[in-house]
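Summary of structural features
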Amino acid sequence: MDRPIARSVQGGEGGTSTPAMRMPYRVSAKDPEVLLVDARTAGCDCRWYLEFDWSSQGRTGTERIDDHGLAFRTSAIKGLPRYWYARDGWTPLTS
């Protein structure tokens with residue numbers, strides 16, 4: 001199976017739009033970067049984690065981002081019932 005590819009997209013916060021940034025990102029202690037990961041799939045039940053390669057002052061490494069030692073899980077919903085959460089619990093989505 002092919003590995004997913006990360007890509008930068010336009011973002012926004014509080015009504016302010018921010019342009020997509022070129023990768024790789026350059027950050028510093030005074031100018032950190034916050035990344036929002038939006039994982040989607042069209043047709044699989046995927047288990048995954050993120051690996052960030054980094055370098056700083058001549059050192060390099062890889063940081064693994066996961067769910068407390070477990071892989072994240074993303075599943076397709078094509079053909080499956082959809083639900084939304086309301087005050088009283090999960091409710092079937094009709095439309």
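The structure we're discussing is the one just above.
Keep in mind that this is a model prediction, so the values were computed, not measured. (Residues numbered from 1 in each chain as written. Predicted model: local features only at pLDDT ≥ 70, side-chain atom pairs only at ≥ 80, totals over all residues. Heavy atoms only, no water.)

1. Here we look at the overall build of the chain
Condition: The way it works is that DSSP assigns letters per residue, a run of H or I at least four long becomes a helix, a run of E at least two long becomes a strand, and they are numbered from the N terminus. What the globule rule says is 2.2 Å times the number of residues to the power 0.38, and the radius of gyration is computed from C-alpha atoms. Residues are treated as being in contact if the distance between any of their heavy atoms lies within 4.5 Å. Here the open area of atoms and residues is found with the Shrake-Rupley method and a 1.4 Å probe, where only the protein chains shown may cover a residue.
Within the chain, the secondary structure is distributed over zero helices and eight strands. Ordered by position from N to C terminus, the α and β elements of the chain give β-β-β-β-β-β-β-β. A compact globule built from 95 residues would reach a C-alpha radius of gyration of about 12 Å, whereas the chain, at 18 Å, exceeds it by more than 25%. With the C-alpha coordinates of the chain rotated into their principal frame, the extents come out at 55 × 35 × 25 Å. Summarising the internal contacts of the chain: among those between residues at least 6 apart in sequence, 30% fall at separations of at least 24. Taken as a whole, the chain presents about 9,500 Å² of accessible surface, with 52% of it coming from carbon and sulfur.

2. Points about the pattern of salt bridges
The condition that has to hold: A side-chain nitrogen of Lys or Arg and a carboxyl oxygen of Asp or Glu constitute a salt bridge if their distance falls within 4 Å. Throughout this description, buried means an accessible area under 20% of the type-specific maximum (1.4 Å probe, protein chains only), exposed means over 50%, and partly exposed covers the range between.
Within the structure shown, the criterion is met by three salt bridges. For Arg40, the salt bridge goes to Asp38, with nearest N and O atoms at 2.9 Å. This pair shows no difference in class: Arg40 is exposed, exactly as Asp38 is. Residue Arg64 pairs with Asp66 through a salt bridge whose shortest N-O separation is 3.1 Å. In this structure Arg64 comes out as partly exposed when scored by relative accessible area, which is 39%.

This is a description of form; function is not addressed.
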